[in-house]
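# Examination of the molecular architecture
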Amino acid sequence: MSTSPSLRDLYSPPSHSWAFVPPNAAPSKPNPPSPSYQWSTRSSPSLILGLSLDAGTSPTHITFFFRSIVASALMHYSSTALAMPLEVGKLLLQIQWVPRDALSTPSDTEEQGEDGEDLSDTTNEEDSYFVEPGVSPTHKYPAPKLVDDDGYVIRTSVMEEGTRPEYIIPVGTAKSTWAMVTRLVSFRGEGWFSPWKGLFTTCIHDVLLLNIQPSVDNVLSSFFLSSSHGFYRPPLWLPVVSHIITGFVLSPLDLVRTRLIAQSSMPRYKNYTGPLDALSQIILHEGGLKGTYFHPHLFFPTILDTGLRAFTHVVLPSLIAPHLGFGPHVAADTHPIVWAFAEVLGGCLGLLVTLPIETVRRRLQIQTRGAAKPLRTCVETRPVPYNGVVDALWHILTEERSDLPIRRPRKQKKDGPGGSEGDNEEEESDSWLRHTGIGQLYRGLGMRLTANTIVFLLASFGGTEEVDGGWAEL
């Protein structure tokens, strides 16, 4: 068996050795120094709406910082303005009071008997002279209107046109969120700018919420979590508590926003001229800053609303995801589409609980307290204030109706027994929604479900980044 020849014997050492130190002999002509390059740690220019970052001087940093802030504010303001009309329509539907006996108005005419309490016998005889024999005369006279001590007509029904204030949209004319928006625009006291009432306050509230909540969450994590846990997953109650604390801190802004949207746009009926005026009047006339935060009609609805929203957003997806058939360990980074579906499903199920609490919170927010004047809202509201969360839920369920829009019964003419024409009034449809106010607790449900579906589609086809763009807030 022959072996391959080795190349070790063919190696010959070089005639000169490598020299790392230049020789003592001076070169005849020095070579030009080669350009030396130093690595720089500066990152590549970042662009925000075409603005490049130049880290050369300090004024450039300041200019870029302010440009970035302005660009981000404009983007957030524009996205909020797109969704604001739907939010205004939903809120007006939530605070609108639709009594169950809305159409049970006192009859405009009342029949008088043959006794003729208000008319003389002579008048009855003269009227009966023109009636055919065998047909009993029927007389219809206007019913007297109820008046107060000053002589003003008392409003006995929300459906009365004559006694309805001019700044109130007729009750029961809109069923959906978009129908309320169109009704608001066409109403003579509002106009095209009404769907954007409270836009600036809403934008400020959302920006502060996005910046304060992560900071509160980091502070809570530093207090309740130690660094020895490593990659241990933090408990789910920390984000819930951070959302509750943030919602409580920003509750005066939410109160101002609700009242600015609910009040009439007519200048002579406006209670507040802007957010600063509204906040100052609330603090001045309604118990100061302590009453704004800790009044029972504001404190408990705020805790319930923010806590339930955070629970459905943080905890429910973690409880639903393991039961979708993809294993017990489903997370946003391992199964993004499944996790997005779990979030949408949790959000839809959570609406069954969060929407009634939100409706009660909005109705309690429009109730003034202390020495403040009653809020003149652009929709019908309950004349008697609620006494709390449970009282509001009970009265909404027991004294309101859900069959919107309310249609007045039409009168049809038919021939009487003697050939005369009489009025026959069609009976109102006896639906089960007419006898319950449960539909009033879920105004805006369709819009919320549509927004959740849009969020899921954007998350599925747009990647795992935050793509809600404000839709989830609807």
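Coordinates for the structure precede this section.
This report concerns the structure included in the present document. (Residues numbered from 1 in each chain as written. Predicted model: local features only at pLDDT ≥ 70, side-chain atom pairs only at ≥ 80, totals over all residues. Heavy atoms only, no water.)

This part is about helix α11 (residues 389-399). Looking at α11, one finds that the buried residues are Val389, Asp391, Ala392, His395 and Ile396. The buried residues of α11 occupy an angular sector of 165° when projected down its axis, which confines them to one face. Those residues of α11 that are exposed and aimed more than 90 degrees away from the buried face are Val390 and Trp394. (Buried < 20%, exposed > 50% of the residue type's maximum accessible area, 1.4 Å probe, protein only. Helix = DSSP H or I, 4+ residues; strand = E, 2+ residues; numbered from the N terminus. Arc of directions from axis to C-beta.)

Looking now at the nonpolar core. A general trend in soluble globular proteins is that nonpolar side chains are found buried together. Counting 26 residues, the largest nonpolar core has Leu92, Ile95 and Val379 as the members making the most contacts within it. Broken down by secondary-structure element, the contributors of at least two residues to this core are α1 (58-95), α3 (177-186), α6 (251-262) and α7 (275-285). Considering each element in turn, this core owes the most residues, seven residues, to α1. Apart from residues lying up to four places away in sequence, Val379 is in contact with Leu92, Ile95, Gln96, Ile168, Ile169 and Met180. Ranked by size, the runner-up nonpolar core spans 16 residues in total, among them Val171, Val389, Ile396 and Leu441. (Core = buried A, V, L, I, M, F, W, Y, C linked by side-chain atoms within 4.5 Å. Contact = heavy atoms within 4.5 Å.)

Counting across every chain of the model gives 19 salt bridges. When the shortest N-O distance is used, the salt bridge between Glu286 and Arg259 registers 2.6 Å. You can see Glu286 sitting in the loop between α7 and α8 (288-294) and its partner Arg259 sitting in helix α6, a full 27 residues away along the chain. A single burial state applies to Glu286 and to Arg259, both of which are buried. In this structure, Arg382 and Glu399 form a salt bridge, with 2.5 Å as the shortest nitrogen-oxygen distance. (Salt bridge = Lys/Arg side-chain N within 4 Å of Asp/Glu carboxyl O.)

Turning to the environment of Glu399, a few remarks are in order. Mapping Glu399 onto the fold places it in helix α11. Measuring from C-alpha to C-alpha, the distance between Glu399 and Val98 comes to 8.4 Å, with 301 residues separating the pair along the chain. At 3.3 Å, the side chain of Glu399 forms a polar contact with the side chain of Trp97. (Polar contact = N/O pair within 3.5 Å; in protein donor to acceptor, adjacent residues only side chain to side chain.)

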